[in-house]
Amino acid sequence: MKTKEAGSLAVNAHVAGWVEEMAKLCRPDRVVWCDGSEEERKRLTDEAVRRGEVIRLNEEKLPGCLYSRSAENDVARTEHLTFICTNNREDAGPTNNWMDPAEAYGKLGAIFDGSMKGRTMYVVPFLMGPKGSPLVKVGIQLTDSLYVVLNMRVMTRMGRIALEELGQNGSFTRCLHGKADLDIQRRFICHFPQDNAVWSVGSAYGGNALLGKKCLALRIGSYLGREQGWLAEHMLILGIESPDGKVDYVTAAFPSQCGKTNLAMLVPPPALKGYKIWTVGDDIAWLYPGADGRLWAVNPEAGFFGVAPGTNRKSNPNALATIQKNTIFTNVVLKDDGTVWWEGLEDPPLEGTDWRGRRWTPASGEKGAHPNSRFTAPLLQCPSVSPEWNNPKGVPVSAIIFGGRREKVDPLVYESFHWRHGVYAGATMGSETTAAAVGHTGVLRRDPMAMLPFCGYHVGDYFRHWLEMGKRLSNPPRIFHVNWFRQDKGGKYLWPGFGENLRVLLWILERAKGKGPARESPIGYLPVPEALNVSGLDVSRETLEELLKVDRGGWLEEAESQTEFFKKIGDRLPKELVKEQTDLVRRLAAVHE
Ligand code: SAT
Ligand code: MN
């Protein structure tokens, strides 16, 4: 056995060799191996504080919490600088940027070259998925950012545990990350699915820099999933416990800003006492066919990287409870008492320091927290965390939910006729851009399965893989579509949302069990109004009917407008999906107005 001592860690020759090679390229002053211990957390935190990378927050009010401000040009994912680097351009498909692998290694290599001089390179071994899971993946991230190390600690199972899982194996995702000079002109996030590698340079922002998340768990993950027969999805996973103590699980995909984290941590309204929601994950689900013919779901992550603005006692009390300790806050308002604030949170401070580091008051008319400011918090701190969150097998999925933000057309909920029809509903998913500061945009963006920026290969092949997966399940979950955002003519939301969404989830579960009254319509099965429990809700019968109406003209337009998107996908688009579109139009046409 050829292992090397690295700090207190035993490292196999594949790992040692690769780290040495990358260190030669980046030329850090020191290489520090992370073991994931508590002692290490304290030491690295002290160091980050000393270097001014993070600020310690009020130890009494927010114990163990840190505050960080990013560079002003480094506050979100940069999709236009994100590339899939496959040997053949076509394999990246029409929805990804592509770069030739040799060109990418050359271009990024030149930026990495010597970029860690005067800095420390941290070696961060990490696991995505529970130890011992059939889907678990080992990654090793090299980074010169302590902020990134501290975040990876929360978001993944980090350190010794990952090297133990790897053993003598050389198959791990090689993740090289460097801040370089945080220059957006020299920023690239490149994925090499054929080499199981990610190189990211010039950004320290979550989705660009915590490489276990979008890069490994979704882009590389989706590619591996197609090869190995599973799915990497941009989905939350939650359990619904009914008053009789039985728990059923659903997964749900929504584009950003549609309340995925809120739904994952839902608190049942008083009228639905006796039900309980268990949070398994809020962002990513790995799905695989179990020996029992059902679909099983695993959350590869160990933490939340949630959007702060809009999080409050009403929208998400569980998230607020989760982030009271051991949390890293990025780009929110720093209050003078060493606590934090953001737009949408109760009790605004009289003044504070904004995300740019300037003195700020609510009266200034400017936002104090960046709209994409974040909290990074351990999953285990969530009051609703599922006891199954770390189960290597995952949880069995009874229903898959797709959703978007649509003012009109899409009803509150419908059930697809069968797997293929459900895949079509997911593939044609769209969401309207949210109300802009000036005017109202409402432009529709197609975002298939909420995976548009995250699918690591050709989107047509991805749809094909979804269709094939259905064939491998003797007992597949049913597929549903929801829309919490229907508005009336005056622009008022018709559905109260938040905790009340549980009412819709309960109908979904009934249907998944082969029960629950429904009517058949051209677009799928819809609940008859009596089928939704609205007791104690201020929603009139008329409103309910409006929410569950199939707008025939709107749907014909919708089906028509999908053609453009289908054309863009080209000849790798499965014919089955075109047939679903044609069938939908035919069913709609057959209805007499
Ligand atoms: O912006 S991130 O990719 O880090 C998080 C998200 O969009 O879910
Ligand atoms: Mn996400």
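Residues numbered from 1 in each chain as written. Chains lettered and ligands numbered in written order. Predicted model: local features only at pLDDT ≥ 70, side-chain atom pairs only at ≥ 80, totals over all residues. Heavy atoms only, no water.

So, on to the overall build of the protein chain. A count of helical and extended segments in the protein chain gives 15 helices and 33 strands. Over its C-alpha atoms the protein chain spans a radius of gyration of 24 Å, differing by no more than 12% from the 25 Å that the globule rule assigns to 593 residues. Taken over the C-alpha atoms alone, the protein chain extends approximately 75 × 55 × 50 Å along its principal axes. Residue burial in the protein chain is summarised as follows: out of 593 residues, 61% are buried. For the protein chain, the share of sequence-separated contacts (at least 6 apart) that also reach a separation of at least 24 residues comes to 73%. For the protein chain, the exposed area adds up to about 23100 Å²; of that, 51% sits on carbon and sulfur atoms. (Helix = DSSP H or I, 4+ residues; strand = E, 2+ residues; numbered from the N terminus. Rg over C-alpha atoms; globule rule 2.2 N^0.38 Å. Buried < 20%, exposed > 50% of the residue type's maximum accessible area, 1.4 Å probe, protein only. Contact = heavy atoms within 4.5 Å. Areas by Shrake-Rupley, 256 points an atom, 1.4 Å probe, with all protein chains shown as cover.)

Often, the extent of an interface is quoted as the loss of accessible area on bringing the components together. Partitioning the protein chain into domains gives domain 1 (13–52 + 81–228), domain 2 (232–300 + 388–589) and domain 3 (304–381). Centre-to-centre, using C-alpha coordinates, domain 1 lies 28 Å away from domain 3. The interface of domain 1 with domain 3 comprises 11 residues on the first partner and 10 residues on the second. Summed over both partners, the interface of domain 1 with domain 3 comes to about 760 Å²; 65% of that surface belongs to carbon and sulfur atoms. Of all residues in domain 1, the largest losses of buried area upon contact with domain 3 belong to Tyr147, Val154 and Tyr205, amounting jointly to 54% of the total for that side. Here domain 1 and domain 3 share 0 salt bridges between them. Those elements that provide at least two residues to the side of domain 1 that touches domain 3 are α4 (146–155) and α6 (206–209). (Domains from an automatic or database assignment. Buried area = accessible area lost by both parts, 1.4 Å probe. Salt bridge = Lys/Arg side-chain N within 4 Å of Asp/Glu carboxyl O.)

Right, let's talk about the coordination of the manganese ion (ligand 2) for a bit. Summarising the metal site, the manganese ion (ligand 2) is bound by the protein donors Lys214 (NZ), His234 (NE2) and Asp283 (OD), whose distances to it range over 2.1 to 2.2 Å. In primary sequence terms, the donor set of the manganese ion (ligand 2) follows K-x19-H-x48-D. Here Asp283 lies in the loop between β17 (276–281) and β18 (285–289) and His234 lies in the loop between β14 (231–233) and β15 (236–241), a separation of 49 residues in the sequence. The class of Asp283 is buried, set by a relative accessible area of 9%. (Donors = N, O, S within 2.8 Å, 3.2 Å for Na, K, Ca; no water.)

A separate point is the environment of Ala110. Summarising the element assignment, Ala110 is placed in helix α3 (residues 101–112). Ala110 gets classed as exposed once you look at its relative accessible area, which sits at 54%. Distance from Ala110 to Leu25, taken between C-alpha atoms, is 9.0 Å for residues 85 residues apart in sequence.

Let us look at helix α14 (residues 552–569). For α14, spanning 18 residues, the distance from its first C-alpha to its last is 26 Å, which sits close to the expected 26 Å at 1.5 Å a residue. When we look at burial in α14, the residues that qualify are Arg552, Gly554, Trp555, Glu558, Ala559, Gln562, Phe565, Phe566 and Ile569. Among the residues trailing α14, Gly570 stands out with phi positive, at a value near 80°. (Expected span 1.5 Å × (residues − 1).)

One open sheet accounts for 4 strands, arranged β23-β22-β24-β25; its pairing is antiparallel. The open sheet has two edge strands with one neighbour each: β23 (340–341) and β25 (359–360). Pairing of strand β24 (residues 352–353) with β25 involves 2 bridges; the strand directions are antiparallel. For Thr353, the partnering residue across the bridge sits in β25 and is Arg359. (Pairing = 2+ DSSP bridges.)

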